[in-house]
Amino acid sequence: AQAAVLSLLSSVLEDGGAALGAGALTASPLIDLLFELLWRSETRHLALKSLVALITGPCVQTGSSGSRGSRAADDAWDALVRRFLQTLPAAREVAAGRGASDVTKGQGFGPLSDILAGLRAALAGPGGSALRARLASPAGADGSPAYVQVVSLLNAERGVATAEGEAAALECVRTLRSLLSGSETAARAFGRDVGYETFAHALEAAWGAEPVSEALARSVLELAVDADLPTPPDASASGGVPPGAAIRNAGALPVLLTLLRRAALPVRLWGLGALADLLENSVRSRAAADQSDALGFLLDWFAEEATAGARVAASGPSVSGTSAETTETRDPDLVLELLSRCIGRCASHSLSARHFR
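First things first, this report covers the structure right here in the doc. (Residues numbered from 1 in each chain as written. Predicted model: local features only at pLDDT ≥ 70, side-chain atom pairs only at ≥ 80, totals over all residues. Heavy atoms only, no water.)

Some words on the overall build of the protein
Then, number 1: Counting its secondary structure elements, the protein contains 19 helices and zero strands.
Then, number 2: Within the protein, buried positions represent 48% of all 357 residues.
Then, number 3: Within the protein, contacts between residues separated by at least 24 positions form 78% of all contacts whose residues are at least 6 apart in sequence.
Then, number 4: Summing over all exposed atoms, the protein offers an accessible surface of approximately 16000 Å²; the carbon and sulfur share of this is 54%. (Helix = DSSP H or I, 4+ residues; strand = E, 2+ residues; numbered from the N terminus. Buried < 20%, exposed > 50% of the residue type's maximum accessible area, 1.4 Å probe, protein only. Contact = heavy atoms within 4.5 Å. Areas by Shrake-Rupley, 256 points an atom, 1.4 Å probe, with all protein chains shown as cover.)

Some details on the pattern of salt bridges
Then, number 1: One pass over the structure, following the stated rule, counts 14 salt bridges.
Then, number 2: Residues D228 and R177 are paired through a salt bridge, measuring 2.8 Å at the closest nitrogen-oxygen approach. Pair noted here: D228 is in the loop between α13 (214–225) and α14 (252–261) and R177 is in helix α10 (residues 163–180), with a separation of 51 residues, a long-range link.
Then, number 3: We classify D228 as exposed; its relative accessible area is 57%.
Then, number 4: Put simply, E280 and R341 hold a salt bridge, and the shortest N to O gap is 3.0 Å. Linking E280 in helix α15 (residues 265–281) with R341 in helix α18 (residues 332–349), this pair joins segments that are 61 residues apart in sequence.
Then, number 5: You can call E280 partly exposed: its relative accessible area is 29%.
Then, number 6: Members of the salt-bridge network, linked through shared partners, are R177, D226 and D228. (Salt bridge = Lys/Arg side-chain N within 4 Å of Asp/Glu carboxyl O.)

Some remarks on the packing of helix α6 (residues 87–95) against helix α7 (residues 110–124)
Then, number 1: In the contact formed by α6 and α7, the axes pass within 7 Å of each other and the chain directions differ by 150 degrees. Taken together, α6 and α7 sit at an angle that is classed as roughly antiparallel. On the side of α6, the interface is formed by T87, L88, A91, R92 and V94, while α7 contributes P111, L112, I115 and L116.
Then, number 2: Classifying every residue of the contact of α6 with α7 by side-chain character gives seven nonpolar, one polar and one charged. (Axes fitted to C-alpha atoms, helices over the stretch in contact; angles between N-to-C directions. Parallel < 35°, antiparallel > 145°, perpendicular 65-115°, else oblique. Nonpolar A, V, L, I, M, F, W, Y, C, P; charged D, E, K, R; others polar.)

Section: the nonpolar core
Then, number 1: Among the nonpolar cores identified, the biggest contains 102 residues, and Y147, L154, F190, F199, L203 and L216 are the most heavily contacted of them.
Then, number 2: With 10 residues, the single largest contributor to this core is α15.
Then, number 3: Look past the residues within four positions of F199 in its chain and what remains in contact with it is V151, L154, V173, L176, F190, V194, L223 and V255. (Core = buried A, V, L, I, M, F, W, Y, C linked by side-chain atoms within 4.5 Å.)

Quick look at the side chain of R44
Then, number 1: Relative to the assigned elements, R44 resides in helix α4 (residues 44–62).
Then, number 2: Ignoring anything within four residues of it in the chain, the contact list for R44 reads L37, L38, W39, Q107, G110, P111 and D114.

Things to note about unusual backbone geometry
Then, number 1: Despite not being glycine, D226 has its phi angle at roughly 55 degrees, a positive value.
Then, number 2: Along the chain, D226 turns up in the loop between α13 and α14.
Then, number 3: In the Ramachandran plot, D293 falls in the positive-phi region, its phi being about 55 degrees despite a non-glycine side chain.
Then, number 4: Here D293 is to be found in the loop between α16 (283–291) and α17 (294–315).

A few points about the environment of C59
Then, number 1: Mapped onto the elements of the fold, C59 is located in helix α4.
Then, number 2: When the C-alpha atoms of C59 and A133 are compared, they prove to be 9.4 Å apart, with 74 residues separating the residues in sequence.
Then, number 3: Residues in contact with C59, not counting those within four places in the same chain, are W77, G127, A130, L131 and R134.

Let's talk about the packing of aromatic side chains
Then, number 1: One pass over the structure, following the stated rule, counts three aromatic pairs.
Then, number 2: A centroid spacing of 5.9 Å and a plane angle of 75 degrees characterise the contact between Y147 and F190, whose relative ring orientation is edge-to-face. With Y147 in helix α9 (residues 146–152) and F190 in helix α11 (residues 184–193), the pair connects residues that are 43 residues apart, well separated along the chain. With respect to burial, Y147 and F190 carry one shared label: buried.
Then, number 3: On the basis of an interplanar angle of 75 degrees and a centroid distance of 5.0 Å, the ring pair of F190 and Y196 is categorised as edge-to-face. The pair formed by F190 and Y196 is uniform in burial state, with each residue classed as buried.
Then, number 4: One aromatic cluster is present, built from ring pairs that chain together Y147, F190, Y196 and F199.
Then, number 5: When the ring centre of F297 is taken as origin, the NZ or CZ atom of R261, which lies over that ring, is 5.1 Å away. (Phe/Tyr/Trp six-rings, centres within 6.5 Å; stacked < 30°, edge-to-face > 60°. Lys NZ or Arg CZ within 6 Å of the ring centre and 35° of its normal.)

A look at the environment of A167
Then, number 1: With respect to the secondary-structure elements, A167 resides in helix α10.
Then, number 2: The partly exposed category is assigned to A167, whose relative accessible area is 24%.

Details of the state of the cysteines
Then, number 1: Applying the stated criterion across every chain yields a total of zero disulfides.
Then, number 2: For the unlinked cysteine C346, the closest cysteine sulfur is that of C342, found at 6.7 Å. (Disulfide = S-S within 2.5 Å.)

In structure tokens form, the structure reads like this:
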């Protein structure tokens, strides 16, 4: 019976129109109940569906401009979104096994995964463009910017030693991509509230000393191109970039290169191959690389790989054959070849005197 009532409520909130939605936004007992049910595994799905309907309803009605309505309605919407975003750090604590109540005990990663999925569903829905614009506005969700809340999830202390720790990091990257997708306004707001450098540091700190996985490198590349990429059967397979793909978020490129530099050889080869294809096939990608000074980073990486390769060649093969500097961890020829391709394409677009020296 409870599930049937919640299902009916979510359907009414989705299809009830502007007047019903505005009334529901200011109905404090209803909002309190939905947030209480959000933490119960058996009712979370329908509670989340209802909250997403309340969040996206005004955005569907205002259209893609994200223009704001009456002061009372805007205040109620801002309060709802702020409260929704504030569930994220609480869900992170539950995932880490800290601060769990009798209701949330043993739920692990479930609440955090579901809430982030709900936010992505709202951004992908009919009112997604307007929601994205309103979240990017300094007035939207005042005092609790979505970008800060999402990136702050990477500050959890569980690291990636567990499957749930890695999944949490991937969920954060995917949600950030949804928040920024196709919106220059959102990209500027992200730079204002967080910035890619802070994002990169948070990712590195969350990942710890573990080698960067193919899944994380892929998700950051998808953030950079703002598109889904096909998964090759072999992570070391070069390319795999769909036709027409281009780097659209220039700030994500240094993040990607930093991660690839810490990745295992197969992931490094795949990532550099995909980047080389993007740079070769798209002027926009080369312009983005120039904007983010990827050439300087690639030149530094090339010098490091060349020096390491020369050192390995000079020392000769190790006795055990398991030296950290052997081809088990690096293949100078393959890595240097891909780095050279990327450097050549970047230099064909722009080469400063500093880079030349």
